[in-house]
Amino acid sequence: MYNYYNRANMIKPKIVSYARGDVDGDGVLDNAYLTGIKTQDSPFVQDITLLIQDGVTGRVTSISLSENAGYDPSLFLGDFTGERVDDILIGINSGGSGAIMYYYIYSFINKKVKLLFDFNLYNEKYKYDVTYKDNYKVEVISHENNNKYIIDISNRDSDYLNEIYDSNGKLKNPINGFVNPLSGLYPVDFDSNKVYELLAYQKIAGRYNADSLGYVMNTMKWKDNVFILDNQYVAIFGSPV
């Protein structure tokens, strides 16, 4: 059934992830596969494709992904909409230095493909400003909900702080940080009603990507045919007492 070939290079795609559940709502378990072309001597996978095999007829539906190359592609089946049918969560590691991830959620109820979540649309929607302030503070503003957070960085080592602040705690020069695109998306049933919410992670960085200040953590739930922001938190790193 999966004996087909990539016409460009005649390399046979292989199954790289598999999950089983009722994704079309007929009460019969179906098979969900991610297939892709593995790179020789590398964990990099190209042409990643979602295949859904009907548990009754054996018919296979193929779904192409807009970002279809990366590392460690994974599948998770669970109900995200409350319709008591498994939806399909796909995760692909981009392999970039910022630990950026590609995520999609598909519904296949009544054998109709519907994209419920696209990481690109999420990244376009959730924007932030990160600004260093006097007195060893960093301000994070979330535009989606008009919330402001203050991160105290006074516990950073003196060499780091001395590069940025004078002896009175005043900024030597204006500095802006940034928030990375989505780096983690996890299914969590917060209210134990057998419907999963989403917990999204985005790293807050200072002067450069390795200068980590914390994470924006957004929890989202399905409402009116879209994932909406339910709660938002900023998590920071601790320091030795």
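The structure presented is a predicted model; accordingly, all values stated were derived computationally and were not measured.

### Describing the nonpolar core
Move 1: Ile90 and Phe117 are the most contacted members of the largest nonpolar core, which totals 53 residues.
Move 2: When residues no more than four places from it in sequence are discounted, the contact partners of Ile90 are Leu34, Leu50, Leu65, Ser74, Leu75, Tyr102, Tyr103, Tyr104 and Tyr106.

### Structural notes on the pattern of salt bridges
Move 1: Tallying each qualifying case throughout the model produces 8 salt bridges.
Move 2: In this structure, the salt-bridge partner of Asp54 is Lys111, at a minimum N-O distance of 3.1 Å. Taken together, the residues span a long stretch of sequence, with Asp54 in the loop between strand 3 (45-53) and strand 4 (60-64) and Lys111 in the loop between strand 7 (101-107) and strand 8 (114-118) at a distance of 57 residues.
Move 3: Linking Lys125 and Glu144 is a salt bridge whose minimum nitrogen-to-oxygen distance equals 3.7 Å. Taken together, the positions of Lys125 in helix 1 (residues 119-125) and Glu144 in the loop between strand 10 (137-142) and strand 11 (147-152) put the pair 19 residues apart, joining distant regions of the chain.
Move 4: For Lys125, a relative accessible area of 37% corresponds to the partly exposed category.
Move 5: Overall, Glu144 belongs to the partly exposed group, its relative accessible area being 32%.
Move 6: Counted as one network, the salt bridges with shared partners bring together Asp24, Asp26, Asp54 and Lys111.

### Considerations on the side chain of Gln202
Move 1: With respect to the helices and strands, Gln202 occurs in strand 14 (residues 197-205).
Move 2: What makes Gln202 buried here is its relative accessible area of 2%.
Move 3: Among the polar contacts listed, one links the side chain of Gln202 to the side chain of Tyr122, at a separation of 2.8 Å.
Move 4: There is a polar contact of 3.1 Å between the side chain of Gln202 and the backbone oxygen of Asn180.

### Brief notes about the sheet that holds strand 2 (residues 30-38)
Move 1: The strand order across the open sheet formed by 4 strands is 1-2-3-4, and the pairing between neighbours is antiparallel. The open sheet is flanked by strand 1 (14-21) and strand 4, the only strands paired with a single partner. Between one strand axis and the next, the sheet turns by 20° as a mean value, whatever way the strands run.
Move 2: With 7 bridges joining them, strand 2 and strand 3 adopt antiparallel strand pairing. By the bridge assignment, Lys38 is partnered in strand 3 with Val45.

### Observations concerning the pairing of strand 6 (residues 87-93)
Move 1: Of all 7 residues in strand 6, 6 are buried, a share of seventy percent or more.
Move 2: Bridge count for strand 5 (residues 71-78) against strand 6 is 6 bridges, and the pairing is antiparallel. Considered in strand 6, the bridge of Gly78 is made with Asp87.
Move 3: Here strand 6 pairs with strand 7 via 6 bridges, running antiparallel. What sits directly across from Asn93, in strand 7, is Met101.

### Some words on unusual backbone geometry
Move 1: The residue Asp47 is not glycine, and still its phi comes out positive at about 55°.
Move 2: Of note, Asp47 is situated in strand 3.
Move 3: Judged by its relative accessible area of 32%, Asp47 is partly exposed.
Move 4: Of note in this structure, Asn146 is not a glycine but carries a positive phi near 55°.

Reading the values: the criteria
- Residues numbered from 1 in each chain as written.
- Predicted model: local features only at pLDDT ≥ 70, side-chain atom pairs only at ≥ 80, totals over all residues.
- Heavy atoms only, no water.
- Core = buried A, V, L, I, M, F, W, Y, C linked by side-chain atoms within 4.5 Å.
- Buried < 20%, exposed > 50% of the residue type's maximum accessible area, 1.4 Å probe, protein only.
- Contact = heavy atoms within 4.5 Å.
- Salt bridge = Lys/Arg side-chain N within 4 Å of Asp/Glu carboxyl O.
- Helix = DSSP H or I, 4+ residues; strand = E, 2+ residues; numbered from the N terminus.
- Polar contact = N/O pair within 3.5 Å; in protein donor to acceptor, adjacent residues only side chain to side chain.
- Pairing = 2+ DSSP bridges.
- Axes fitted to C-alpha atoms, helices over the stretch in contact; angles between N-to-C directions.

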